[in-house]
Amino acid sequence: VTFMFDDGTATDYTLMLPLFQSKSIVGASAIITDYPGVQAGYMTWPQVTALAAAGWEIASHGKTHAYFTTFTDAQLRLELAGAQADFAAQGLTVRNLVYPYHDSNASVRSIAREYYRSARGQAGFTGTSRLNLNLLETFNLRSVNIDDHTLLADYKDAVDDCETEGRWLIFYAH
């Protein structure tokens, strides 16, 4: 089971990091690289690198948090390369992508393969379809949103399915 927090908000560092450390677990944070230190309510680059140093996975959420399917191939390559350059400037190697708004298609997934080893895309599944059954399909990984209207029992069922099926479950939140 993976817990991922999208967008790189300051609460990933101020709330989630201490909570996860108190349970001796790590999470993952998907960063919009134009935001650290610029947008109010988002982490700074020192906070992002501190998360990484604490064992958290840092994923890319793009440079600008745009709908990738609206880009030309050249624009998408600039977006993805720009995000990678931003991470490299901070001494971070980022291998995984989270599509903003779960927005991808075959062309986006093909270009994403040039820059990353996997990408999270699909969401909103129920039952065992919420699990990542085919790990060869690494550029359209499924996930389950953590929100305020889903019952705790539903999340427990998802974890139980994950354990029973021996599959990977990704929870994400904003």
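Just so you know, these numbers come straight off a predicted model, no measurement behind them.

Caption draft 1: Looking closely at the pattern of salt bridges. Enumeration over the complete set of coordinates arrives at five salt bridges. Notably, a salt bridge pairs aspartate 6 with arginine 120, separated by 2.6 Å at the nearest N-O pair. Here the residue aspartate 6 occupies a position in strand S1 (residues 2–7), and arginine 120 occupies one in strand S5 (residues 118–123), the gap between them amounting to 114 residues. Each member of the pair aspartate 6 and arginine 120 is classed as buried. A salt bridge links aspartate 86 to lysine 63, with the shortest nitrogen-to-oxygen separation between them at 2.7 Å. In this pair, aspartate 86 sits in helix H3 (residues 73–89) while lysine 63 sits in the loop between strand S3 (57–60) and H3, placing the two residues 23 residues apart along the sequence.

Caption draft 2: Spotlight on the pairing of strand S2 (residues 28–31). Here S2 shows no split at all, with Ala28 and Ala30 on one side and Ser29 and Ile31 on the other all buried. In terms of handedness, the path from S2 via helix H2 (residues 45–53) over to S3 forms a crossover that is right-handed.

Caption draft 3: Representation of the environment of threonine 93. Relative to the assigned elements, threonine 93 resides in the loop between H3 and strand S4 (96–98). In this structure threonine 93 comes out as exposed when scored by relative accessible area, which is 60%. A sequence separation of 34 residues divides threonine 93 from alanine 59, and the C-alpha atoms of the two residues are 9.2 Å apart.

Caption draft 4: Structural view of the packing of helix H1 (residues 10–22) against H2. Packing of H1 against H2 brings their axes to within 10 Å, and their N-to-C directions diverge by 25 degrees. The angle between H1 and H2 falls in the class roughly parallel. The crossing of H1 and H2 is left-handed. On H2, the residues touching Asp12, Tyr13 and Leu17 of H1 are Gln47, Ala50 and Leu51. Residues belonging to the contact of H1 with H2 are distributed by class as follows: four nonpolar, one polar and one charged.

Caption draft 5: Region of interest: the packing of aromatic side chains. Overall, the coordinates contain 11 aromatic pairs when judged by the stated rule. Between phenylalanine 3 and phenylalanine 171 the ring centres are 5.5 Å apart and the planes differ by 25 degrees, which places this aromatic pair in the stacked class. Here the residue phenylalanine 3 occupies a position in strand S1, and phenylalanine 171 occupies one in strand S7 (residues 170–173), the gap between them amounting to 168 residues. The exposure class of phenylalanine 3 is partly exposed, given its relative accessible area of 28%.

Reading the values: rules and limits
Residues numbered from 1 in each chain as written. Predicted model: local features only at pLDDT ≥ 70, side-chain atom pairs only at ≥ 80, totals over all residues. Heavy atoms only, no water. Salt bridge = Lys/Arg side-chain N within 4 Å of Asp/Glu carboxyl O. Helix = DSSP H or I, 4+ residues; strand = E, 2+ residues; numbered from the N terminus. Buried < 20%, exposed > 50% of the residue type's maximum accessible area, 1.4 Å probe, protein only. Right-handed = clockwise from strand over helix to strand, strands pointing away. Axes fitted to C-alpha atoms, helices over the stretch in contact; angles between N-to-C directions. Parallel < 35°, antiparallel > 145°, perpendicular 65-115°, else oblique. Left-handed = near helix turned anticlockwise from the far one by under 90°. Contact = heavy atoms within 4.5 Å. Nonpolar A, V, L, I, M, F, W, Y, C, P; charged D, E, K, R; others polar. Phe/Tyr/Trp six-rings, centres within 6.5 Å; stacked < 30°, edge-to-face > 60°.

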